[in-house]
Amino acid sequence: MTATLQTETVRTPATQTRRPRSLTHPPRTGLLLVLPAVAFVVVFVGVPLLVAIYISLTNFPLIGDYRFIGLQNYLLIFTDPAFGRSILYTLLYTAVVTGPILVLGYLLAVMVRSNRRGAKLLRTVFFLPYVVGLTTLSFLMVLEAQPDSGAVNIVLAWLGITDGSTAWLVDGVLGTILICALVVWGVSGLTMMLLMSGMQQIPSEVYESAELDGAGWWRTERNVTIPMIRRTIALSVIISVIGSMLAFTQFFILTQGGPGSDTTTVVMAIYKRAFVQLQLGAATAMSLVLVVIIGLITAAQFWLLRERE
Amino acid sequence: MTLTRRGLLGSAAAGALAGLFAGCSGKLPEIDTGRASFGRDGRGRVEVWCRAATQTGIQGMVDRFHAQQDRIEVRVTAVPDEQFVTKLATAIRGGRVPDLVDFDDINSMLFIYRGAFADLTDPISTLPGADELSPGHLRLATNNGRIYGLPFLADNSVLFCNTGLLERAGVDVDTATRSLEDLLDAARQVGGLADDIHGWSYPGNGAGALGFTVQPHIWAADTDLIAGRVGRQRGNVAGNPAVRDTLRFLHTLWREGLVPSSAFADDGSRWGSDYVAGKVGFFPSAYDTVVSEASPELLEQTVIKLLPGPRGGRAFFDGGDNLCMLNGAANPDAAWEFAAFCVAPEQQRRLPEGGYIPIRADAATDDFRQKHPLAVPTLDDLDAGYAPTSLAYNLIYNQSDGPWLAMFRRAVFDGEVEAAMEEAQISYDRLLDQAQA
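Remember, it's a predicted structure, so these values are computed and weren't measured experimentally.

Enquirer: Explain the overall build of chain A to me, please; I cannot follow it from the model alone.
Expert: Helix and strand counts for chain A come out as 14 helices and 0 strands. Counted from the first residue to the last, chain A has its helices and strands arranged as α-α-α-α-α-α-α-α-α-α-α-α-α-α. For chain A, the proportion of its 309 residues judged to be buried stands at 42%. Looking at chain A alone, contacts between residues at least 24 apart form 65% of all its contacts between residues at least 6 apart.

This is the structure:
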């Protein structure tokens, strides 16, 4: 009797915390069902990430033998002024383009969100630059930004703003302005599509009520549309910021990071370390630092753009 | 078998380890090039990789080699120049390498330093006329007294002089090309002929082209922008008088309007168009840039000089290709047989047909001199050829964001010569440190 009581005393807390077993959904079945997805993530994300972390701890060159060097690559990164400059430049570029992409995308979405006549055509026209892609647009811009002969200079000269001989791509500030303008034009179409889909989910009754209450266009947008598509706006901004932090193609084609390192983005700095300097170990360490930076920025964005009660 | 979370994570770790080992294969087996039978009676297929810019040169050799024998078949794969180093490095790491590479001599040391190329010292020494081979090419392929590349073709920078314009301006070409000061005076005289005629031309935003044509002025003064032996090199820019004089010369040309205004933005894509149009007096460039584009009349009037230093001396960029054999090559004997064929004098004399210059002095026979007079000056003065042996050449000189172009632009277009040199010194040291780490 005493023994039985003791056993029950010991067992009671355990049985209280354990969840009851489901007869229809045994845990093993659940594990098996998620196994393909887990395997996929392990093979294509987990393993490469582990390998990347290991490589970042070596002096892995593209040619020849390698050796383990601990945290040396990371220490060098934080003392390398060129890498620091590339991060600052990328942050500046991101800060400059994010706002205009969102504002222009929003305005375009307002123009095409209704099903009025011609709206579909406008959607297609506004989205076309994104479909064409930054690579093609950048190659076109190489030609159009040439002094004296490019369309950019011809138009500016015609408007009387410049004399038409501006060498856009050999000046850090001018090159950055040109690339920012190109990116805002090329990428706003995506923001437009995302925001438009969010706007089209808002019931028309909400707008009718606002109209009956005497709200004008601006007040309706500020108090109805923007709050109701807050999540979509957050998604657009996060996508835009990540894309800008990873910017490479347009800089590689238009300025190749120059003059000097005036327009070298962080991804371009990583690319050059890996495939020009042939130092994969250091480049991988730089990549992992970039992953952490983007992760922190994205987390901050999630926090700032969260739904508040 | 029970599937647990721990088991799953264990499997993942094992997978990661397997992936890690797969990605880190070791060195390829060294080729024994010292054995007596090396390079004899080869058979089968030889895989050759060449850079796209010099494909014409090697393809001509392959065609003639095939016409001469049928034991060996050579297959050429052209790789875009800017991707060559990366692709070759990846092939080496993957353990599947070509037998031979027709490789930019300036990048040879990258692979030699890391033991990727076979030691060709012994087979080169047995070649007939080995002492006629370009010393500049050989220097770029030499490490610790051993040679790892066979000179194949030359791509040299020289000074093209339009004697038609010079005569009109009353300039004597020999006197004008003695020093930078003489050249400046001559450029002023030529520039005074007409508004659309300029004394000089350079692509002011073309990093590689500027490295190719400007550095020889500095080398002619027996100095370089990089000092020390490979592995311990430092920049030699700040306070270097030859660098200062050369940059001041180029700045003066710009300031006085002696170069076309398009030079400011030219990345090399329009390089030479003004010279072949007959609008420029002096033009430092490569043989093929002018010879393949200029009219016969202009070529008649063109005289070639080696590039002078600030106060005399002469030099030229000893660029071009070496044939390098990869350690781990599947068919080294046949590959060497083909390589030896390519450097034979009778084959070398055919190179100007494709726009290249031979790498051996004895190629310049009387018949050759008559047929290709503009290819001769560098062959007659092979010792003046030079190019820096460094692990960071590509990074410093060929990149648009490299310190060489940044220094050039700040000094030449902004006139801040000293500040540009000081800034470049820091970047040279940093990049050399990184490359040699």
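Moving on, there is more to tell.
Enquirer: I'm lost on the overall build of chain B in this one. Help?
Expert: Each helix and strand counted, chain B has 21 helices and 13 strands in total. Computed over its C-alpha atoms, the radius of gyration of chain B comes to 24 Å, within 12% of the 22 Å expected for a compact globule of 437 residues. Across the 437 residues that make up chain B, the buried fraction comes to 60%. Computed over 39 positive and 57 negative side-chain charges, the separation of the two mean positions in chain B equals 7 Å.

Enquirer: Where do I start with the state of the cysteines in this structure?
Expert: All names here are of chain B. Counting across every chain of the model gives 0 disulfides over all chains. For Cys50, which is in no disulfide, the shortest distance to another cysteine sulfur is to Cys342 and amounts to 11 Å. Looking at Cys50, the relative accessible area reads 0%, which means it is buried.

Enquirer: Explanation requested: the packing of helix H13 (residues 266-275) of chain A against helix H14 (residues 280-304) of chain A in the structure shown.
Expert: A pair of packed helices can be characterised by two numbers: the angle between their axes and the separation between those axes. Residue and element names in this part refer to chain A. Running from amino to carboxyl end, H13 crosses H14 at an angle of 160°, the nearest separation of the two axes being 8 Å. One finds that H13 runs roughly antiparallel with respect to H14. The interaxial crossing formed by H13 with H14 has left-handed handedness. When H13 is examined against H14, the residues Val266, Val267, Ala269, Ile270, Arg273 and Ala274 are found in contact with a partner set consisting of Leu280, Ala282, Ala283, Met286, Ser287 and Leu290. When its residues are assigned to classes, the contact of H13 with H14 shows 10 nonpolar, 1 polar and 1 charged.

Enquirer: Help me understand the pairing of strand S12 (residues 312-325) of chain B in this model?
Expert: The two faces of a sheet get side chains in turn, since along a regular strand they alternate between them. Residue and element names in this part refer to chain B. In terms of residue burial, S12 counts as a mostly covered element, since 12 of its 14 residues are buried. One ladder, built from 6 bridges, connects strand S6 (residues 150-162) with S12; its direction is antiparallel. The residue bridging Ala154 from the neighbouring strand is Gly320, located in S12. Counted along the chain from strand S11 (residues 307-309) to the antiparallel partner S12, the turn is 2 residues long.

Enquirer: Mind showing me how you'd approach empty space enclosed by the protein here?
Expert: Rolled over the atoms, a probe sized like a water molecule indicates the empty space that remains. Inspection of the entire model under this criterion finds 5 cavities of 30 Å³ or more. In this model, the second largest cavity occupies a volume close to 60 Å³. In terms of lining, the second largest cavity is formed by A:Val276, A:Gln277, B:Ile106, B:Asn107, B:Leu110, B:Ser390, B:Leu391, B:Ala392, B:Tyr393, B:Asn394, B:Leu395 and B:Ala435. Looking at the lining of the second largest cavity element by element, the count peaks at 3 residues for helix H19 (residues 393-398) of chain B. Taken together, the residues of the lining of the second largest cavity sort by class into 8 nonpolar, 4 polar and no charged.

Enquirer: Help me understand the nonpolar core, please; the structure alone is not making it clear to me.
Expert: For soluble globular proteins, the rule of thumb is that nonpolar side chains tend to be buried together. B:Phe111, B:Phe117 and B:Tyr202 are the most contacted members of the largest nonpolar core, which has 213 residues in total. When near neighbours in sequence (up to four residues on either side) are disregarded, B:Phe117 contacts B:Leu88, B:Val101, B:Phe103, B:Ser108, B:Phe111, B:Ile112, B:Tyr148, B:Cys324, B:Met325, B:Leu326 and B:Asn327.

Enquirer: Could you clarify how one ought to interpret the packing of aromatic side chains in this entry?
Expert: Any two aromatic rings considered together are summarised by their centre-to-centre distance and by the angle between their planes. Taken as a whole and assessed by the stated rule, the structure comprises 35 aromatic pairs over all chains. Considering the side-chain rings of A:Phe248 and A:Phe252, the 5.1 Å spacing of their centres and the 20° angle between planes classify their relative orientation as stacked. With centroids separated by 5.5 Å and ring planes inclined at 80°, the aromatic side chains of A:Phe252 and A:Tyr271 adopt a geometry described as edge-to-face. A residue pair is termed long-range when its members are at least 10 positions apart, and A:Phe252 in helix H12 (residues 249-254) and A:Tyr271 in helix H13 qualify at 19 residues. Taking the relative accessible area as the measure of exposure, A:Phe252 reaches 31% and is therefore partly exposed. An aromatic cluster is present here, built from B:Phe212, B:Trp219, B:Phe317, B:Tyr386, B:Tyr393, B:Tyr397, B:Trp404 and B:Tyr428 joined pairwise through their rings. Here the guanidinium or amino end of B:Arg409 rests over the ring plane of B:Phe264, the centre of that ring lying 4.5 Å away.

Enquirer: Hey, could you run me through the interface of chain B and chain A in this one?
Expert: You'll often see interface size given as the accessible area lost when the parts meet. Contact residues are listed per partner, giving 35 residues for chain B and 40 residues for chain A. Scanning the region where chain B abuts chain A turns up 2 salt bridges. For the salt bridge of B:Asp401 with A:Lys272, the shortest nitrogen-to-oxygen distance reads 2.7 Å. Seen at the junction of chain B and chain A, the total is 9 residue pairs in polar contact (both at pLDDT 80 or more). Mapped onto the side of chain B that touches chain A, the elements with two or more residues apiece are helix H1 (5-22), helix H3 (81-94), helix H4 (108-112), H19, helix H20 (403-414) and helix H21 (417-435) of chain B. At 6 residues, H1(B) tops the list of elements feeding residues into the side of chain B that touches chain A. Tallied by class, residues from the side of chain B that touches chain A come to 18 nonpolar, 10 polar and 7 charged.

Enquirer: What am I meant to see in a nonpolar patch on the surface here?
Expert: Together, A:Phe40, A:Val41, A:Val43, A:Phe44 and A:Val45 give the surface a local cluster of nonpolar side chains, amounting to about 500 Å² of exposed area. Residue position: A:Val43 is located in helix H2 (residues 27-56).

The rules behind these values
Residues numbered from 1 in each chain as written. Chains lettered and ligands numbered in written order. Predicted model: local features only at pLDDT ≥ 70, side-chain atom pairs only at ≥ 80, totals over all residues. Heavy atoms only, no water. Helix = DSSP H or I, 4+ residues; strand = E, 2+ residues; numbered from the N terminus. Buried < 20%, exposed > 50% of the residue type's maximum accessible area, 1.4 Å probe, protein only. Contact = heavy atoms within 4.5 Å. Rg over C-alpha atoms; globule rule 2.2 N^0.38 Å. Lys, Arg positive; Asp, Glu negative; His and termini not counted. Charge placed at Lys NZ, Arg CZ, Asp CG, Glu CD. Disulfide = S-S within 2.5 Å. Axes fitted to C-alpha atoms, helices over the stretch in contact; angles between N-to-C directions. Parallel < 35°, antiparallel > 145°, perpendicular 65-115°, else oblique. Left-handed = near helix turned anticlockwise from the far one by under 90°. Nonpolar A, V, L, I, M, F, W, Y, C, P; charged D, E, K, R; others polar. Pairing = 2+ DSSP bridges. 1 Å grid on protein atoms, 1.4 Å probe; cavity = no way out; pocket = protein on both sides within 12 Å on 5 of 7 lines; lining within 4 Å. Points joined across faces, edges and corners; volume = space filled by probe spheres on them. Core = buried A, V, L, I, M, F, W, Y, C linked by side-chain atoms within 4.5 Å. Phe/Tyr/Trp six-rings, centres within 6.5 Å; stacked < 30°, edge-to-face > 60°. Lys NZ or Arg CZ within 6 Å of the ring centre and 35° of its normal. Salt bridge = Lys/Arg side-chain N within 4 Å of Asp/Glu carboxyl O. Polar contact = N/O pair within 3.5 Å; in protein donor to acceptor, adjacent residues only side chain to side chain. Patch = residues over 30% accessible without salt bridge, like charges linked within 9 Å, V, L, I, M, F, W, Y side chains within 5 Å. Areas by Shrake-Rupley, 256 points an atom, 1.4 Å probe, with all protein chains shown as cover.

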